Amino acid sequence: MMNIFDFTKKKQAGEKITMVTCYDYTSAVLVDRSDVDCILVGDSLAMTMHGFNSTVPATVEMMAMHTAAVARGAKDKFIVADLPFLAYRKDLGDNIAAVQAVMQAGAHAVKIEGAAGNTDLVRHLTESGVPVMGHIGLTPQFVHLLGGYRVQGKTEESANRLKEEAQALEQAGAFSLVMECVPTLLAAEITQSLRIATIGIGAGAETDGQVLVFQDLLGLNTDFRPKFVKNFLDGAGLVTGALNEYNQAVKTGAFPDANHSFNPERLAKPA
Ligand code: KIV
């Protein structure tokens, strides 16, 4: 299993880091058997698992419950759990209670969005034994402030702000940083300026690693096709195909057959 030092070691060695989101036990077992380096229990679970249209409705209870399920399935992967909307913007006691809930559910680190107003907490958590992953660029918890899901860092002013945020998070003790929807050259510049590893999503190929949402990677979510998502499987097609095959087999009497029934020979005997 990776630890926080491996993120920096991989960066130094020029080895890419792979991360995938995961929210449930069955998927966690599959990710655990794969070569993917680490798992993010993202607050995107509000959308992928609960059907909300943003990450804002995610709660600490939801994050802790899904983190616990993932930790039971992926025993050999480094697990980062998102702190959800506003859970780390309260007083220190409440912030720590949120962190404690996801760490005790099985996370090895937490991720928080943005730098402004968070650096003292990042420092405090790091000093308390909790590794922190930063997240800058398009920070989905800020969707209403950002006016939608848009590429960030396109103006000089906003690019400079992102560079400052990245430095501030590294100095506060973050062990790595997600950069979401940032122009490739800016992401490359920030990556080169940092000692810690950057994990990109919609940030081009020059970051130290990549993260994708499980459902997007597997093509399970056909309604969501932003430019940066690549489907590595036609998951929706395969699953719908299997469901239709099952439906057909039951309705034609082909399933269950003798191989899938207990003592089927009894039926064959005359009454
Ligand atoms: O919640 C999430 O899935 C994330 C990734 C998109 C980085 O934060």
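Residues numbered from 1 in each chain as written. Predicted model: local features only at pLDDT ≥ 70, side-chain atom pairs only at ≥ 80, totals over all residues. Heavy atoms only, no water.

1. Observations concerning the domain arrangement of the protein chain
- Looking at the assigned domains, one finds that the protein chain contains domain 1 (4–233) and domain 2 (235–271).
- Its C-alpha centre places domain 1 at a distance of 43 Å from the equivalent point of domain 2.
- Between domain 1 and domain 2, the contact holds 5 residues from the first and 4 residues from the second.
- Summing both sides of the interface, domain 1 and domain 2 together bury roughly 290 Å²; the carbon and sulfur share of this comes to 73%. (Domains from an automatic or database assignment. Contact = heavy atoms within 4.5 Å. Buried area = accessible area lost by both parts, 1.4 Å probe.)

2. Points about the pairing of strand 8 (residues 209–212)
- As paired strands, strand 1 (residues 17–21) and strand 8 are joined by 4 bridges and run parallel to one another. Note that in strand 8 the partner of Ile 17 across the bridge is Gly 209.
- Relative to strand 8, strand 7 (residues 197–201) runs parallel, the two being bridged by 2 bridges. Residue pairing for strand 8: Gly 200 is matched across the bridge by Gln 210. (Pairing = 2+ DSSP bridges. Helix = DSSP H or I, 4+ residues; strand = E, 2+ residues; numbered from the N terminus.)

3. Considering the site of the ligand
- Taken together, 13 residues sit near the ligand, with Gly 42, Asp 43, Ser 44, Asp 82 and Lys 111 positioned nearest.
- Ser 44 is positioned such that a nitrogen or oxygen atom in its side chain is 2.5 Å from an oxygen atom of the ligand.
- In the environment of the ligand, an oxygen atom lies 3.1 Å from a nitrogen or oxygen atom belonging to the side chain of Asp 82.
- Bound to the protein, the ligand loses 95% of the 260 Å² it would expose on its own.
- A molecule is said to occupy a pocket when more than half its atoms come within 2 Å of that pocket's grid points, and by this definition the ligand occupies the largest pocket.
- Taken together, the residues of the shell around the ligand break down into 5 nonpolar, 4 polar and 4 charged. (Near = heavy atom within 4 Å. Polar contact = N/O pair within 3.5 Å; in protein donor to acceptor, adjacent residues only side chain to side chain. Areas by Shrake-Rupley, 256 points an atom, 1.4 Å probe, with all protein chains shown as cover. 1 Å grid on protein atoms, 1.4 Å probe; cavity = no way out; pocket = protein on both sides within 12 Å on 5 of 7 lines; lining within 4 Å. Sits in = over half its atoms within 2 Å of the grid points. Nonpolar A, V, L, I, M, F, W, Y, C, P; charged D, E, K, R; others polar.)

4. Concerning the layout of surface pockets
- Taken as a whole, the largest pocket spans an internal volume of roughly 640 Å³.
- What lines the largest pocket is a set of 31 residues, among which Ser 44, Met 47, Glu 180, Val 213 and Phe 224 lie closest to the centre.
- Listing elements by their share of the lining of the largest pocket, those giving two or more residues are helix 3 (45–48) and strand 6 (176–180).
- Here the lining of the largest pocket is composed, by residue class, of 15 nonpolar, 8 polar and 8 charged.
- What the second largest pocket holds in volume is close to 410 Å³.
- Together, 22 residues line the second largest pocket, and Ile 201, Gly 202, Gln 210, Leu 212 and Phe 228 are the ones closest to its centre.
- Going through the elements one at a time, strand 1, strand 7 and strand 8 are the ones with two or more residues in the lining of the second largest pocket.
- Tallied by class, residues from the lining of the second largest pocket come to 14 nonpolar, 6 polar and 2 charged. (Points joined across faces, edges and corners; volume = space filled by probe spheres on them.)

5. Comments concerning the nonpolar core
- Ile 39, Val 41 and Val 110 are the most contacted members of the largest nonpolar core, which totals 48 residues.
- In terms of residue count, helix 8 (residues 156–172) provides more of this core than any other element does, 5 residues in total.
- If sequence neighbours within four positions are ignored, Val 41 has contacts with Cys 22, Met 63, His 66, Thr 67, Val 70, Ile 79, Val 80, Ala 81 and Asp 82.
- Core analysis: the next-biggest nonpolar cluster, separate from the first, contains 16 residues, Ile 17, Cys 38, Val 178 and Ile 201 among them. (Core = buried A, V, L, I, M, F, W, Y, C linked by side-chain atoms within 4.5 Å. Buried < 20%, exposed > 50% of the residue type's maximum accessible area, 1.4 Å probe, protein only.)

6. Focus: unusual backbone geometry
- Of note, the bond from Phe 255 into Pro 256 is cis; its omega dihedral lies within 30 degrees of zero at 0°.
- Assignment of secondary structure puts Pro 256 in the loop between helix 11 (235–252) and helix 12 (265–268).
- Within the chain, Leu 86 stands out as a residue other than glycine whose phi angle is a positive 65°.
- Along the chain, the position of Leu 86 falls in the loop between strand 3 (78–82) and helix 5 (92–104).

7. Quick look at the packing of helix 5 against helix 6 (residues 119–127)
- Closest axis-to-axis distance for the helix 5/helix 6 pair is 12 Å, and the angle between their directions is 55°. It follows from the interaxial angle that helix 5 and helix 6 lie oblique. Judged by the sense of rotation from one axis to the other, the crossing of helix 5 with helix 6 is right-handed. Touching Leu 92, Asn 95, Ile 96 and Val 99 of helix 5 are Leu 121, His 124 and Leu 125, all from helix 6.
- Taken together, the residues of the contact of helix 5 with helix 6 sort by class into 5 nonpolar, 2 polar and no charged. (Axes fitted to C-alpha atoms, helices over the stretch in contact; angles between N-to-C directions. Parallel < 35°, antiparallel > 145°, perpendicular 65-115°, else oblique. Left-handed = near helix turned anticlockwise from the far one by under 90°.)

8. Details of the side chain of Asp 216
- Along the chain, Asp 216 turns up in helix 10 (residues 214–217).
- Buried and without a salt bridge, Asp 216 has Arg 225 as its closest oppositely charged side chain, separated by 7.8 Å.
- Not counting the four nearest positions on each side in its chain, Asp 216 is found in contact with Asn 221, Phe 224, Val 229, Lys 230 and Asn 231. (Lys, Arg positive; Asp, Glu negative; His and termini not counted. Salt bridge = Lys/Arg side-chain N within 4 Å of Asp/Glu carboxyl O.)

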